[in-house]
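One letter stands for each residue in the lines below.
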Amino acid sequence: MHPDLDERDLELLHGLQIAPRVTWADAARILGTTPATVAAHWARLREAGVAWVTAHPGGGYRRVVLALVEVDCLPGARDEVVRVVCTDPRAVTVEESTRGRDLLLTVITPDLAGLTTFVLDDQPRMPGLQRQRTHVVSATHRDGSSWLLGALNWSQELAFEAAARATRRRRA
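Residues numbered from 1 in each chain as written. Predicted model: local features only at pLDDT ≥ 70, side-chain atom pairs only at ≥ 80, totals over all residues. Heavy atoms only, no water.

Undergrad: Explain the overall build of the protein here, please?
TA: In terms of helices and strands, the protein carries six helices and four strands. Element order for the protein, N to C, with α for helix and β for strand: α-α-α-β-α-β-β-α-β-α. Counting the 172 residues in the protein, one finds 35% classified as buried. Residue pairs at least 24 apart in sequence account for 70% of intrachain contacts in the protein once pairs closer than 6 positions are excluded. (Helix = DSSP H or I, 4+ residues; strand = E, 2+ residues; numbered from the N terminus. Buried < 20%, exposed > 50% of the residue type's maximum accessible area, 1.4 Å probe, protein only. Contact = heavy atoms within 4.5 Å.)

Undergrad: Honestly, the confidence of the model for the protein in this entry has me stumped. Any pointers?
TA: The predicted coordinates of low-pLDDT regions are not to be read in fine detail. Taken as a whole, the protein shows an average pLDDT of 89; of its residues, 88% reach a score of 70 or greater. Of all the helices and strands in the protein, helix α6 (residues 154-171) carries the lowest mean pLDDT, 88, while helix α2 (residues 24-31) carries the highest, 97. (pLDDT = per-residue confidence, 0-100.)

Undergrad: Explain the sheet that holds strand β1 (residues 65-73) here, please?
TA: The pairing of strands in a sheet comes from backbone hydrogen bonds and takes either a parallel or an antiparallel form. Reading across from one edge, β2-β3-β1-β4 is the order of the four strands in this open sheet, with antiparallel pairing throughout. Strand pairing shows two members of the sheet lacking a second neighbour, β2 (91-96) and β4 (129-137), which therefore form its edges. Within this sheet the neighbouring strands show an average axis-to-axis angle of 20 degrees, counted without direction. In the sheet, β2 pairs with strand β3 (residues 103-109) via five bridges, with the strands oriented antiparallel. In the sheet register, Glu 96 faces β3, and the bridge partner there is Leu 103. Here helix α5 (residues 112-122) sits on the sheet in contact with β1, β3 and β4, set at roughly 145 degrees to β3. (Pairing = 2+ DSSP bridges. Axes fitted to C-alpha atoms, helices over the stretch in contact; angles between N-to-C directions.)

Undergrad: Would you take a moment to explain the side chain of Asp 88 for this structure?
TA: Along the polypeptide, Asp 88 turns up in the loop between α4 (78-85) and β2. At 2.6 Å, the side chain of Asp 88 forms a polar contact with the side chain of Arg 90. (Polar contact = N/O pair within 3.5 Å; in protein donor to acceptor, adjacent residues only side chain to side chain.)

Undergrad: Help me understand the nonpolar core in this model?
TA: Here is a general trend for soluble globular proteins: nonpolar side chains tend to be buried in one another's company. Formed by 22 residues in total, the largest nonpolar core has its most connected members in Leu 12, Val 22, Trp 42, Leu 45 and Phe 160. In terms of residues, this core owes the most to one element, helix α1 (residues 7-18), which gives five residues. Of all hydrophobic cores here, the second largest spans 17 residues; its members include Cys 73, Val 85, Leu 103 and Val 107. (Core = buried A, V, L, I, M, F, W, Y, C linked by side-chain atoms within 4.5 Å.)

Undergrad: Before we go on, may I ask you to explain the pairing of β1 in this structure?
TA: For a regular strand, side chains alternate in direction, first toward one face of the sheet and then toward the other. Taken across its nine residues, β1 has eight buried, putting it largely inside the fold. Where β1 and β3 come together, seven bridges link them in antiparallel fashion. Looking at the pairing, Val 71 lines up with Leu 103 of β3.

Undergrad: Can you help me understand α4 in this one?
TA: One turn of the α-helix equals 3.6 residues, which is why residues spaced by three or four share an orientation. Turning to α4, its buried residues number three or more, namely Val 81, Val 82 and Val 85. Down the axis of α4, the buried side of the element spans an arc of 100 degrees, and every buried residue falls inside it. Lining the buried residues of α4 we find β1, β2, β3 and β4. (Arc of directions from axis to C-beta.)

Undergrad: It is not clear to me how the packing of α2 against helix α3 (residues 35-47) should be interpreted in this structure. Could you clarify?
TA: Any two packed helices are characterised by how steeply their axes cross, that is the angle between the axes, and by the distance between the axes. It is at 8 Å that the axes of α2 and α3 come closest, and there the two elements cross at 105 degrees. Classified by the angle their axes make, α2 and α3 are roughly perpendicular. For the pair formed by α2 and α3, the contact residues are Trp 24, Ala 25, Ala 27 and Ala 28 on the first element and Pro 35, Val 38, Ala 39 and Trp 42 on the second. (Parallel < 35°, antiparallel > 145°, perpendicular 65-115°, else oblique.)

Undergrad: Would you take a moment to explain the packing of α1 against α3 for this structure?
TA: Direction vectors running N to C along α1 and α3 enclose 90 degrees, while the axes themselves pass 10 Å from each other. For the element pair α1 / α3, the angle class is roughly perpendicular. Residue-level inspection shows Arg 8, Asp 9, Leu 12, Leu 13 and Leu 16 of α1 in contact with α3, the latter providing Val 38, His 41, Trp 42, Arg 44 and Leu 45. Among the residues forming the contact of α1 with α3, the class breakdown is six nonpolar, one polar and three charged. (Nonpolar A, V, L, I, M, F, W, Y, C, P; charged D, E, K, R; others polar.)

Shown next, in the form of structure tokens:
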């Protein structure tokens, strides 16, 4: 646990994993506190850099092609390669590494033709890229969206799930 996180912080973060668009009023009701307290917790967590909002292509990974691409850069070119690859929406994660590769990319494309274009046409034109190795993911058994903190009790989880369903109905 991060030294600045308390049990209330973890409960809020777990609730937001389940229902990211929940109102502070609903979150407060579920957590047994006030909307102002929930909002203050969130503001403190964001300001401390402990929590943030991010997005990724929605839905499951069954309708897209997912690949891990190992990238080796020319000496001194890593920063430039990172800058360029971070502008490409197909590279959904860019991880720097110190062993066996310079970068590890998680790449999502709509189909195999799109992946082929990325690795055989577009990446070789990238300045500073020396070589790459592509590993196509044939099955995803579990992804980060299914991981939860485990700070809520069963009834709180159910309440956040209901809030998430209500939020989706309001948006529709």
